[in-house]
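# Architecture at a glance
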Amino acid sequence: MKLPDDLDSRVRHEAARREMTVSEWTREAIAAHLPNDGARHFGAAGAGRSGRSDISERIEEILRGEWDR
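These lines cover the structure that appears in this document, whether it is placed above or below.

Conventions and cut-offs
- Residues numbered from 1 in each chain as written.
- Predicted model: local features only at pLDDT ≥ 70, side-chain atom pairs only at ≥ 80, totals over all residues.
- Heavy atoms only, no water.
- Helix = DSSP H or I, 4+ residues; strand = E, 2+ residues; numbered from the N terminus.
- Buried < 20%, exposed > 50% of the residue type's maximum accessible area, 1.4 Å probe, protein only.
- Contact = heavy atoms within 4.5 Å.
- Areas by Shrake-Rupley, 256 points an atom, 1.4 Å probe, with all protein chains shown as cover.
- 1 Å grid on protein atoms, 1.4 Å probe; cavity = no way out; pocket = protein on both sides within 12 Å on 5 of 7 lines; lining within 4 Å.
- Points joined across faces, edges and corners; volume = space filled by probe spheres on them.
- Nonpolar A, V, L, I, M, F, W, Y, C, P; charged D, E, K, R; others polar.
- Salt bridge = Lys/Arg side-chain N within 4 Å of Asp/Glu carboxyl O.

## Some words on the overall build of the chain
Across its full length, the chain carries three helices and zero strands. Listed N to C, the secondary structure of the chain is α-α-α in terms of helices and strands. Within the chain, buried positions represent 17% of all 69 residues. In the chain, 32% of the contacts between residues at least 6 apart in sequence involve partners at least 24 apart. Put simply, the chain shows about 5900 Å² of open surface, and 52% of that area lies on carbon and sulfur atoms.

## Some points on the layout of surface pockets
If you add up the space inside the second largest pocket, you get close to 210 Å³. Around the second largest pocket, the lining residues are M1, K2, L3, L7, D8, V11, R12, V22, W25, T26 and I30. Breaking the lining of the second largest pocket down by element, the ones donating at least two residues are α1 (5–17) and α2 (22–33). Here the residues of the lining of the second largest pocket sort into seven nonpolar, one polar and three charged.

## Things to note about the pattern of salt bridges
In the structure shown here, the tally under the stated rule is five salt bridges. Notably, a salt bridge pairs R12 with D8, separated by 3.0 Å at the nearest N-O pair. Here R12 and its partner D8 are both found in helix α1, four residues apart, which amounts to about one turn of the helix. By relative accessible area, R12 is classed as partly exposed at 47%. In this structure D8 comes out as partly exposed when scored by relative accessible area, which is 24%. A salt bridge links R18 to E14, with the nearest nitrogen and oxygen atoms 2.7 Å apart.

Everything listed is a geometric property; what it means functionally is a separate question.
Here's what the structure looks like:
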């Protein structure tokens, strides 16, 4: 798939920021936007790649937000 140059640049920047390949980031982004298969998935499970340093202090808040989706 061909992306417009500005979107391609943003994808590459975000993948690099998360220390992921563009393919890894793309698969994760697509999966996050598809209806799930009936199983309960928590986005916080991948929080280690978020680039944030306060995840352990905010885990209860994050999980509450995920549960309410």
